[in-house]
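Residues per chain are reported as follows:
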Amino acid sequence: MTLTQSSIAPSGRLGASRTEETQAAAPEQAKDWPFLHAPDALTQSSVTVTKAGLRREVRIFLTNPNAIIGLVFLLTVIVVALAAPYLFPGDPLEMVARPFLWPGQNPVYPLGTDSMGRDVLAGIVHGARISLTVGIAATLIGLTIGVLVGSIAGYFGGIVDDVLVKLIEIFQTLPSFVLLVVLVAIAQPNVLTVTSAIGIITWPTVARLTRAEFRAIREKDYVLAARSLGYGHVRIVFREILPNALPPIIVTSSVMVAGAILMEAALSFMGLGDPNRVSWGSMIGAGRDVIRTAWYLTALPGLAIVFTVISLNLISDGLNDALNPRFSEERR
Amino acid sequence: MSALLDVHDFSVAFGASQPVKGVSFTANPGEMLAIVGESGSGKSLTALGLIGLLPHHAKTGGEIRFDGRNLLGQSERNWRKIRGRDIGMIFQEPMTSLNPVLSVGEQITEVLRIHERIDRKQARQRAVELLDLVNIPEARKRVDDYPHQLSGGMRQRVMIAIGVACNPKLLIADEATTALDVTIQAQILQLLDNLRRDLNMAVILITHDLGIVAQWADRVMVMYAGRKVEEGLPEPVFTKPYHPYTRGLLGASPRAESGHHYRQGPLIEIPGSIVSATGEKGCAFRPRCPSAQSSCGFAVPPLRQISEDRLAACPFTPTSFVSHAHDASLRS
């Protein structure tokens, strides 16, 4: 094929006249017209999608039966915890009846009493307050630190990233529960210190996740476009990248609440909880000595923990299905 | 002559390699300048250099005079004021250049509120006007749409609306129509053409589609391996290309009336690819040039003035332009 034959000139100029020429010259060639594009499938599909993205995700979440079960149970726990002072006024640590009343023996104390004659049901209901408070507050602390560190490391990269990743790795090489015990033992064990300590040992997970998300999203075209519009770093991090990085962080945070509840229970079990507040962990710890004669004292608060953690995990799975970009065809 | 943009001997280097090796060009208000070249010719890096978004480890040289001041060496703070306000940019992929979690209106008002003292209400009003300006039907309704609810062409219109929101003096369109199908391409280019006249804005069109250049550009600059190899008005450049690379580019673009179709024979190509940007001597196009002489290997051929408004970096004058003469079709 020589240059002379190819009759070279730019394509696309004055399409109308060219079409006429082509059709006049070779009518059957119109079939093979290489410039005629059908609208692509994506354009077509995106035209029909009119529902707002958020609503779609809520719909997916709410059609998931497991997530609904989890949500209903968790809401029950929250309502009970909030209503605890009205359901069981007075201090749940006070002796109210004969010790070792088994569940069902006395209808006034449906779940019985413990070795000191304290109402087990009142303990569980009040314990829900501590477990949820610590679980949610510790997660918030962990999320705040983790998202900040992770976004700075992932967005800026370079030396900042190296230093912060080393810091994360230092925290991850320490056995986290040992660190937690040490932190709480050094400070006075109370709700505040336990919460902060759990937050301090959980942030590296969030930081690693956030960093990975930021490193991926940093390279997206809309971030380059944002930079080309003169946006500053703070605006790009918090308005452009963070909202897009949120779905996996939200999913992780529901698991973190469950983890924090378990850690608080473990600390209380070891006697490192707040001594003035009843919690599920401390009830299990107190029942441990009499587990052979009165096993219900460990089993009942244990079940409360198990169901709460399971419900949080179910919610997390539901959120994952609804928010994970790999399952969501519209997010890209 | 004081052009709006006067790039003088601009170069970009990454360590030893120098993808942009001293490019000079000017752009005047209201002018549409096209930069063409194949992948790796340095056209996109030049564009990123114009808006100060080259990677940090890139070393730049030369001068970019914009509106009387040298942009190279400006602080990041100054750059942020220039980007989006004085120089706008549109990217190739409308599908990914908009933030998926912010509505179209939010993305337009954001750039307005950064660069101009304007309250929320006024900004929203301007956003609707801008969507109107880029011919989006029912702008008042569309302003609350999210990007995934818009088609590719619509998204690119939104990108243009964001790009021209602050009345920039210069708009860089980096392959802005490459990802769109041909009918939408024509609409978008018509829009850009109208806008540059209405707003007296210089447009730099970076593309590899010669059809677009022929139809829309006021001036065309051909880049090869980081250097400008030819410049002139589109018609003379396409009808009488002086540089063998320009000839090759024109030869490689299929043309309907030639009856040249990939089913009937191989499309014409330029043999080889852009050679490594490091360590070559002489003309960078020599290994692929059909009319290379031994003297081409000694030094980089300088740009020579062929006529007024016409530059080419090849010392040889082609003996004939027969194979490229399509005056009739170009003028029709």
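Residues numbered from 1 in each chain as written. Chains lettered and ligands numbered in written order. Predicted model: local features only at pLDDT ≥ 70, side-chain atom pairs only at ≥ 80, totals over all residues.

Participant: Looking at this model, I keep getting lost on the packing of helix α3 (residues 104–115) of chain B against helix α4 (residues 120–133) of chain B. Mind explaining?
Facilitator: Relative placement of two packed helices is described by the angle separating their axes and the distance separating the axes. All names here are of chain B. As a packed pair, α3 and α4 sit with axes 9 Å apart at the nearest point and diverge in direction by 115°. Considering the relative orientation of α3 and α4, their crossing is right-handed. Residues Gly105, Ile108, Thr109, Leu112 and Arg113 of α3 pack against Ala123, Arg124, Arg126, Ala127 and Leu130 of α4. Taken together, the residues of the contact of α3 with α4 break down into five nonpolar, two polar and three charged. (Axes fitted to C-alpha atoms, helices over the stretch in contact; angles between N-to-C directions. Helix = DSSP H or I, 4+ residues; strand = E, 2+ residues; numbered from the N terminus. Left-handed = near helix turned anticlockwise from the far one by under 90°. Contact = placed C-beta atoms within 7 Å. Nonpolar A, V, L, I, M, F, W, Y, C, P; charged D, E, K, R; others polar.)

Participant: I tried to follow unusual backbone geometry on my own but got confused; where do I start?
Facilitator: Note: most residues except glycine have negative phi, and most peptide bonds are trans. Positive phi, normally seen in glycine, also occurs at aspartate 9 of chain B, with a value near 55°. With 11 C-beta atoms packed within 10 Å, aspartate 9 of chain B lands in the exposed category. (Buried ≥ 20, exposed ≤ 12 C-beta atoms within 10 Å, placed from the backbone.)

Participant: Can you walk me through the environment of leucine 143 of chain A in this structure?
Facilitator: All names here are of chain A. Inspection of the secondary structure puts leucine 143 in helix α6 (residues 120–156). In this structure leucine 143 comes out as buried when scored by C-beta crowding, with 21 C-beta atoms within 10 Å. A C-alpha to C-alpha distance of 9.7 Å links leucine 143 and threonine 210, two positions 67 residues apart in sequence. Once residues within four sequence positions are removed from consideration, leucine 143 is found in contact with Val206 and Ser253.

Participant: Is there a simple way to explain helix α10 (residues 244–252) of chain B in this structure?
Facilitator: The α-helix winds at 3.6 residues per turn, so residues separated by three or four positions along the chain end up facing the same way. Among the nine residues of α10 of chain B, eight are classified as buried, and the element is accordingly described as predominantly covered. Within the span of α10 of chain B, buried status applies to Pro244, Tyr245, Thr246, Arg247, Gly248, Leu249, Leu250 and Gly251 of chain B.

Participant: Any chance you could explain the nonpolar core here in plain terms?
Facilitator: If you look at the biggest cluster of nonpolar residues, it comprises 106 residues, and the most contacted ones within it are Ala161 and Ile204 of chain B. Considering each element in turn, this core owes the most residues, six residues, to helix α6 (residues 152–163) of chain B. Excluding its chain neighbours within four sequence positions, the residues that come into contact with isoleucine 204 of chain B are Ala27, Leu33, Ile35, Ala47, Leu170, Ile172 and Ala173 of chain B. With 48 residues, the next largest nonpolar core counts Leu101, Tyr109, Trp280 and Ile284 of chain A among its residues. (Core = buried A, V, L, I, M, F, W, Y, C linked by C-beta atoms within 7 Å.)

Participant: What am I meant to see in the sheet that holds strand β9 (residues 219–224) of chain B here?
Facilitator: Backbone hydrogen bonds are what pair the strands of a sheet, in a parallel or an antiparallel way. Residue and element names in this part refer to chain B. In space, the eight strands of this open sheet follow the order β6-β7-β8-β3-β9-β10-β12-β11, with mixed pairing throughout. Here the strands that pair on one side only, and so sit at the sheet edges, are β6 (87–90) and β11 (304–307). Averaged over all adjacent pairs, the angle separating strand axes in this sheet is 25°, with direction ignored. Sheet topology places strand β7 (residues 170–174) next to strand β8 (residues 202–207); five bridges connect them, and they run parallel. Residue pairing for β8: aspartate 174 is matched across the bridge by isoleucine 206. (Pairing = 2+ DSSP bridges.)

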